[in-house]
Amino acid sequence: MKVLLSIKPEYAEKIFEGTKRFEFRKSVYRSKDVRTVVVYVTRPVGQIIGEFDVEEILCKSPDDLWALTSDHSGISKDFFDEYFLGRERSFALAVGDVRRYDSPLNPNEVIANFTPPQSYMYVDDELGRPSTPQLALAL
């Protein structure tokens, strides 16, 4: 099983260029079976452009997380602070191997009733929705 994340165009590009080695999240998926993130790039792109392996999931206070990830965050400290404002815990997915698809995919053609996820969406290896819904770990 994989998880699909909505990522803004500028950050998705940095992931595939290798300059953004951490994807920050306020909550993460619960399933331990997920090892791969499918990247849906938000509008105006609106396409699935590739995927990356997750090396590990970091869970720290925002200050500690920034100290560990800032060199390869791909974002500014101001953006980071605003994103995690008021949070006691913050998460980062450590980006492993990246694979950009030869041709971007229209999500409406590969995922039935596609709506861009606010946080994440479980998908099976063929990019369809899994038959068993999973619960979120919203912290």
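In the block above lies the structure referred to throughout.
Residues numbered from 1 in each chain as written. Predicted model: local features only at pLDDT ≥ 70, side-chain atom pairs only at ≥ 80, totals over all residues. Heavy atoms only, no water.

A. Looking closely at the pattern of salt bridges. As enumerated under the stated definition, the model contains seven salt bridges in all. In this structure, Glu51 engages Lys2 in a salt bridge whose closest nitrogen and oxygen atoms are separated by 3.1 Å. Of this pair, Glu51 sits in strand S5 (residues 47–60) while Lys2 sits in strand S1 (residues 2–7); the two residues are 49 residues apart in sequence, bridging distant segments of the chain. Take Glu51 and Lys2: they sit in the same class, and that class is buried. Through salt bridges with shared partners, one network takes in Lys2, Glu51, Asp53 and Arg99. (Salt bridge = Lys/Arg side-chain N within 4 Å of Asp/Glu carboxyl O. Helix = DSSP H or I, 4+ residues; strand = E, 2+ residues; numbered from the N terminus. Buried < 20%, exposed > 50% of the residue type's maximum accessible area, 1.4 Å probe, protein only.)

B. View of the environment of Gly86. Tracing the backbone shows Gly86 in the loop between helix H3 (77–83) and strand S6 (90–105). Placed 70 residues apart in sequence, Gly86 and Phe16 show a C-alpha to C-alpha distance of 30 Å.

C. How the structure looks around the nonpolar core. Counting residues in each nonpolar core, the largest one holds 31 residues, and the members touching the most others are Phe24, Tyr29, Val37 and Val39. Elements with a contribution of two residues or more to this core: S1, helix H1 (9–17), strand S2 (22–25), strand S3 (28–29), strand S4 (36–41), S5, helix H2 (62–69) and S6. In terms of residue count, the dominant contributor to this core is S6 (five residues). The next biggest cluster of nonpolar side chains, apart from the first, holds nine residues, and it includes Tyr40, Ile48, Phe114 and Leu127. (Core = buried A, V, L, I, M, F, W, Y, C linked by side-chain atoms within 4.5 Å.)

D. Broad picture of the pairing of S6. Two strands pair when backbone bridges link them, and S2 and S6 are joined in this way by four bridges, in the antiparallel orientation. Counted as the bridge partner of Arg25 is Phe91 from S6. Bridging between S5 and S6 involves 10 bridges; their strand directions are antiparallel. For Lys60, the partnering residue across the bridge sits in S6 and is Ser90. (Pairing = 2+ DSSP bridges.)

E. Highlighting the packing of aromatic side chains. If you walk through the whole model with that rule in mind, you get 10 aromatic pairs. Measuring from ring centre to ring centre gives 6.2 Å for Tyr29 and Tyr120, while their planes differ by 80°; the resulting arrangement is edge-to-face. Of this pair, Tyr29 sits in strand S3 while Tyr120 sits in the loop between helix H4 (107–110) and strand S7 (121–123), and the two are 91 residues apart along the sequence. By relative accessible area, which is 6% here, Tyr29 ends up buried. For Tyr120, a relative accessible area of 15% corresponds to the buried category. Ring centres 5.5 Å apart and planes at 85° place the aromatic pair Tyr120 and Tyr122 in the edge-to-face group. Per residue, the accessibility class of Tyr120 equals that of Tyr122, and both read buried. One aromatic cluster in this structure is built from Tyr11, Phe24, Trp66, Phe79, Phe80, Tyr83 and Phe84. Over the ring of Tyr83 we find Lys26; its NZ or CZ atom is 4.6 Å from the centre of that ring. (Phe/Tyr/Trp six-rings, centres within 6.5 Å; stacked < 30°, edge-to-face > 60°. Lys NZ or Arg CZ within 6 Å of the ring centre and 35° of its normal.)

The analysis is restricted to geometry; functional conclusions fall outside its scope.
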